[in-house]
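Geometric and topological summary
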Amino acid sequence: MSFTSFSRKAAPAIHAGSANATEMVVMSPEDEAPHENALDTTVTASTTISEDPEQQPSAPTSDDPFGNEANAEVHYKTCKWYHAGVLMIAETISLGVLALPQALASLGFVPGFLLILFLGAISGYTGHLIGLFKLRYPQVQSFADCGEMIAGPIGQEVMAAASLLVLIFIAGAHVLSFAIALNVMTGHATCTVVFSVVGMLVSFFFTLSRTLKNVSYFSITACASITVASTVAMTAIAIQKPDIGNILTVRPGIPVVKGLGPVMNIILAYSGHVTFFSIYSELEDPRNYKKALAMTQIFTISFYLLLASVIYYFAGPLVASPALGSASPVVRKVAFGNALPTIVISGVINGHVACKYLYLRICSTATVHSKSTKALLSWTAIVAATWIVSFIIAEAIPNFNVLLGLIAALFSSWFSYGLPPVLWLYMSKGEWWNGKKRTVLTILNMLLLLLGAIICALGMWNSGYELSRIKAGEVFSCKSNWQPSVDMN
């Protein structure tokens, strides 16, 4: 099977019914739409397989993005559910979590707390929809594949461009974050561009493994590091008590366009969905995505609520973003030092997913599964090109964080909130209004699609507002890029 083309309509699939037998089945996206937790009924000359995806065999199928790996030199479908869970946590939680205390300060404790909880619950549901779509169509490995299935070649190219743009920009943001961390830790000991080059090279090295299972081992360290860094920040700010107890239940009189900034920070905290198809695709048993998703959502929502609430309570309304700006210089150095693994590995996961899409699309199945010189050089070249572009973006675009917010408004709002409901509506076409439960789910997913569109529009408005207020900035500058912000209004 060649990955130079992603047309997989009505592809035959081979499921292992037992150790000694297989069944040939046909799964067509044009068949009758499934129930929420169901696959299409698939038939053979004499056998009908259950519509429930939870009852489907977990063996690879011929239309799986990695094919049959029985005799392959490199196996990709090797992740247990907990490997996927730590990958998703490490990819989702990064230094952006330290912007959440200021979000509470800007909006008020109650609306900020409820938004973190509410948007987290929605992101959990949309992550579940991605998993259902993966079970229904095992050949899907990315949102680009979904775009082709739903809207043909144009849909594929649009979604591929959007996915790669977001992933590479996020990777670039982590190169920039690495430079910020070294500037804080060393007191700006050398040119910021040098720090960025170091960040690029370290990220390149950790992306060289071709399987996400190996990256997941690094992710364990990343999860621990951001937990330790945030705990250090919380503890230090709680001891210093910059403005303890000076919190507002609801902040009055905040202009809508200004209030959108902290809301976008919360939305960005749940923007990891662009990687979920790739992570689910490397599960040994795709049905275990629910465990990985539950692990991710429970940890992230709890962690976000605890960190934001504690730091806001002790630091008060002038808490900085990132929150380390409210701690002493020594604490900042310690916390950033602890956060370095997260800064690197979170970016690596995004970079790896971008590289994997390009690798599968450019190279043949034989190359992808081999340890040949051609396979290794192809992967290394793709990884190098990805991180060089990420470095250039990080250094060449002034006021990168604001621009990243604009990109997130344009695309992350769709990947995490707007597009997964489209996948559900596609799976359920022809049955939207069949029964009360299906009608409720149809309305819910249509509303979530509308929510994604609203987030996109309002996010662009806020980004334009912020861009109009800031100075141009300098490209490839040696100046320190550590500039925590404080909301003075």
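The protein is annotated in an unreviewed UniProt entry as Amino acid transporter transmembrane domain-containing protein from Pseudopithomyces chartarum. The Subcellular location (unreviewed entry) field of the UniProt record for the protein holds the comment "Membrane". The record in UniProt for the protein states the following under Sequence similarities (unreviewed entry): "Belongs to the amino acid/polyamine transporter 2 family."

1. A short note on the overall build of the protein
Regarding its fold elements, the protein presents 14 helices and 6 strands. The burial tally for the protein puts 57% of its 489 residues in the buried class. When contacts within the protein are restricted to residue pairs at least 6 apart in sequence, long-range pairs at least 24 apart make up 82% of them.

2. Considerations on the packing of helix H6 (residues 212–240) against helix H9 (residues 289–315)
As a packed pair, H6 and H9 sit with axes 9 Å apart at the nearest point and diverge in direction by 20 degrees. Classified by the interaxial angle, the pair formed by H6 and H9 is roughly parallel. Crossing of H6 against H9: the hand is left-handed. Residue-level inspection shows Ile 226, Thr 227, Ser 230, Met 234, Ile 237 and Ala 238 of H6 in contact with H9, the latter providing Phe 299, Phe 303, Leu 306, Leu 307, Val 310, Ile 311, Phe 314 and Ala 315. Grouping the constituent residues of the contact of H6 with H9 by class yields 12 nonpolar, 2 polar and no charged.

3. Some points on the nonpolar core
Ranked by internal contacts, the top residues of the largest apolar core, which has 135 residues, are Val 97, Ile 116, Phe 133 and Tyr 304. Of all the elements, helix H4 (residues 143–186) adds the most residues to this core, at 22 residues. What Phe 133 contacts, discounting residues up to four positions off in sequence, is Val 140, Cys 146, Met 149, Phe 277, Leu 423, Tyr 426 and Met 427.

4. As for the state of the cysteines
In this structure the tally under the stated criterion is 1 disulfide. Residue pairing for Cys 191: its cysteine sulfur links by disulfide to Cys 478, the two sulfurs lying 2.0 Å apart. With the S-S bond torsion at -85 degrees, the cross-link from Cys 191 to Cys 478 turns out left-handed. Taken together, the residues span a long stretch of sequence, with Cys 191 in the loop between H4 and helix H5 (192–207) and Cys 478 in the loop between helix H14 (436–469) and strand S6 (485–486) at a distance of 287 residues.

5. A look at unusual backbone geometry
The backbone of His 188 shows a phi angle near 60 degrees, a positive value even though the residue is not glycine. Along the chain, His 188 falls in the loop between H4 and H5. In this structure, Lys 241 takes a positive phi of about 50 degrees despite not being glycine. For Lys 241, the location among the structural elements is in the loop between H6 and helix H7 (256–268).

6. Focus: the environment of Leu 318
Tracing the chain through its elements places Leu 318 in the loop between H9 and strand S5 (320–321). For Leu 318, a relative accessible area of 47% translates into the label partly exposed. Taking the C-alpha atoms as reference points, Leu 318 and Asn 246, 72 residues apart in sequence, are found 9.7 Å from one another.

7. Points about H6
Here H6 is 29 residues long and its end C-alpha atoms lie 41 Å apart, about the 42 Å a rise of 1.5 Å per residue gives. By the largest-angle criterion, Phe 218 marks the main kink of H6, which is about 30 degrees. Following H6 by one or two positions, Lys 241 adopts a phi angle in the positive range, close to 50 degrees.

8. Topic: the pattern of salt bridges
Going through the model one piece at a time under the given rule, you end up with 6 salt bridges. Between Lys 356 and Glu 282 there is a salt bridge whose closest N-O contact spans 2.4 Å. On the criterion of sequence distance, the pair formed by Lys 356 in helix H10 (residues 329–362) and Glu 282 in the loop between helix H8 (276–281) and H9 is long-range, its members being 74 residues apart. Look at Lys 356 and you get buried, because its relative accessible area is 0%. Here Asp 285 makes a salt bridge to Arg 287, at a shortest N to O gap of 2.8 Å. A single burial state applies to Asp 285 and to Arg 287, both of which are buried.

9. Quick notes on a nonpolar patch on the surface
Taken together, the side chains of Val 256, Trp 433, Ile 443, Met 446, Leu 447, Leu 450, Ile 454, Leu 458 and Trp 461 make up a nonpolar region of the molecular surface, amounting to roughly 860 Å² of accessible area. At 7 residues, H14 tops the list of elements feeding residues into the nonpolar patch. Relative to the helices and strands, Leu 447 is located in helix H14.

10. Considerations on the side chain of Ser 225
When you line up the elements, Ser 225 lands in helix H6. A residue is classified by how much of its surface remains accessible, and Ser 225, at 6% relative accessible area, is buried. The residues contacting Ser 225, other than those within four sequence positions of it, are Asn 338, Ala 339, Pro 341 and Thr 342.

11. Considerations on the packing of aromatic side chains
Aromatic rings considered in pairs are described by the distance between their centres and by the relative angle of their planes. Tallied over the entire structure, the rule returns 19 aromatic pairs. Pairing Phe 206 with Phe 218 gives two aromatic rings, centres 4.9 Å apart and planes at 80 degrees, and the pair type is edge-to-face. Note that Phe 206 is positioned in helix H5 and Phe 218 in helix H6, a separation of 12 residues in sequence. An aromatic cluster of at least three residues, connected via ring pairs, comprises Phe 133, Tyr 137, Phe 143, Phe 277, Phe 415 and Tyr 426. Across from the ring centre of Tyr 426, 4.0 Å away, lies the NZ or CZ of Lys 429, which sits over that ring.

12. With respect to the packing of H10 against helix H12 (residues 373–396)
Here H10 crosses H12 at 130 degrees, and the two axes come no closer than 9 Å. Of the possible angle classes, the one that applies to H10 and H12 is oblique. With respect to the hand of their crossing, H10 and H12 are arranged in right-handed fashion. Mapping the contact onto sequence places Gly 347, Val 348, Gly 351, His 352, Cys 355, Lys 356, Leu 358, Tyr 359 and Ile 362 in H10 and Ala 375, Ser 378, Trp 379, Ile 382, Val 383, Thr 386 and Trp 387 in H12. In terms of residue class, the contact of H10 with H12 is built from 10 nonpolar, 5 polar and 1 charged.

The rules behind each value
- Residues numbered from 1 in each chain as written.
- Predicted model: local features only at pLDDT ≥ 70, side-chain atom pairs only at ≥ 80, totals over all residues.
- Heavy atoms only, no water.
- UniProt positions renumbered as here; feature names shortened; annotations may be inferred.
- Helix = DSSP H or I, 4+ residues; strand = E, 2+ residues; numbered from the N terminus.
- Buried < 20%, exposed > 50% of the residue type's maximum accessible area, 1.4 Å probe, protein only.
- Contact = heavy atoms within 4.5 Å.
- Axes fitted to C-alpha atoms, helices over the stretch in contact; angles between N-to-C directions.
- Parallel < 35°, antiparallel > 145°, perpendicular 65-115°, else oblique.
- Left-handed = near helix turned anticlockwise from the far one by under 90°.
- Nonpolar A, V, L, I, M, F, W, Y, C, P; charged D, E, K, R; others polar.
- Core = buried A, V, L, I, M, F, W, Y, C linked by side-chain atoms within 4.5 Å.
- Disulfide = S-S within 2.5 Å.
- Expected span 1.5 Å × (residues − 1).
- Bend = angle between axes of the 7 residues up to and from the residue.
- Salt bridge = Lys/Arg side-chain N within 4 Å of Asp/Glu carboxyl O.
- Patch = residues over 30% accessible without salt bridge, like charges linked within 9 Å, V, L, I, M, F, W, Y side chains within 5 Å.
- Areas by Shrake-Rupley, 256 points an atom, 1.4 Å probe, with all protein chains shown as cover.
- Phe/Tyr/Trp six-rings, centres within 6.5 Å; stacked < 30°, edge-to-face > 60°.
- Lys NZ or Arg CZ within 6 Å of the ring centre and 35° of its normal.

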